[in-house]
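Chain by chain, the residues:
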Amino acid sequence: PDERTLVLIKPDAVRRGLVGEIISRFERKGLRLDAMVQRTLDESFADQHYAEHVDKPFYPPLKAFMTGGPLVALVLSGDQVIEVVRGMIGVTDGRRAAAGTIRGDLSLSNRENLVHASDSVDSAKREIGLWFPELL
Ligand code: CMP
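Predicted model, so just to flag it, every value in this text is computed and none were measured.

A word on the environment of Asp-55. One can find Asp-55 in the loop between helix H3 (43-49) and helix H4 (59-66). Asp-55 gets classed as exposed once you count the C-beta atoms within 10 Å, which come to 7. In the structure, Asp-55 is positioned 79 residues away from Glu-134 in sequence and 29 Å away in space, judged by C-alpha atoms.

Structural data, given as structure tokens:
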């Protein structure tokens, strides 16, 4: 029984022309692309997506970054896809992420870290429901 996860290819990745590189990594891994849309977030949608972070000190600049240009949202599916994609992305801070991961290879920032991915079965359900309600 395959899982699904929500991935955001963030505005820094779109600006840098890395959308194809990032999607290609997921495709080559063998994950399926179930849905995809390009969109520019407004403030209220950013607050909903990052509900667990809205009160944190890093949130105001994160929100400015995430609403500052178009991003690409994907739903990926495959065996243990939530954990597999988290591994492929690397830890939050691009300076610390391991070589071979998306952030480790392509980001030097703790905020502009190219991708977001759901971190648990519960957050995947919540985030897919928010971004792609037609898939539920
Ligand atoms: P993401 O996986 O989308 O989840 C929350 C985001 O907040 C994270 O990636 C980073 O973009 C950002 N973030 C998390 N921690 C920090 C931090 N300490 N400083 C700046 N940005 C952060």
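Looking now at the UniProt feature "binding site: ATP" (unreviewed entry) in the protein. Sites flagged by UniProt as "binding site: ATP" (unreviewed entry) map to Lys-10, Phe-58, Arg-86, Thr-92, Arg-103 and Asn-113. Along the chain, the position of Thr-92 falls in the loop between helix H5 (81-89) and helix H6 (102-106). When sequence neighbours within four positions are dropped, the list of residues in contact with Thr-92 reads Asn-110 and Asn-113.

What follows deals with the nonpolar core. Among the nonpolar cores identified, the biggest contains 28 residues, and Leu-6, Val-7, Ile-9, Leu-76, Val-85, Ile-102 and Val-115 are the most heavily contacted of them. For this core, the secondary structure elements donating two or more residues are strand E1 (3-9), helix H2 (19-29), strand E3 (71-78), H5, H6, strand E4 (115-117) and helix H7 (121-131). Ignoring any residue separated from it by four or fewer positions in sequence, one finds Val-7 in contact with Leu-74, Leu-76, Val-85, Val-115, His-116 and Ala-117.

Thresholds applied
- Chains are numbered independently. Their residues run from 1 in the order of the written sequence.
- Since the coordinates come from a predicted model, pLDDT governs what is reported: local features require at least 70, and pairs of side-chain atoms require 80 or more to be given and counted, while whole-chain, interface and lining totals use all residues.
- Numbered from the N terminus, helices here are DSSP runs of H or I no shorter than four residues, and strands are runs of E no shorter than two.
- Counting other C-beta atoms within 10 Å of its own, a residue is labelled buried from 20 upward, exposed at 12 or fewer, and partly exposed in the gap between, with every C-beta atom placed from the backbone.
- UniProt positions are given in the numbering used here, feature names are shortened, and annotations may be inferred rather than shown by experiment.
- Note on contacts: residues are paired as contacts if their backbone-placed C-beta atoms lie within 7 Å.
- Here, a nonpolar core denotes buried Ala, Val, Leu, Ile, Met, Phe, Trp, Tyr and Cys residues that are linked to one another through C-beta atoms within 7 Å.

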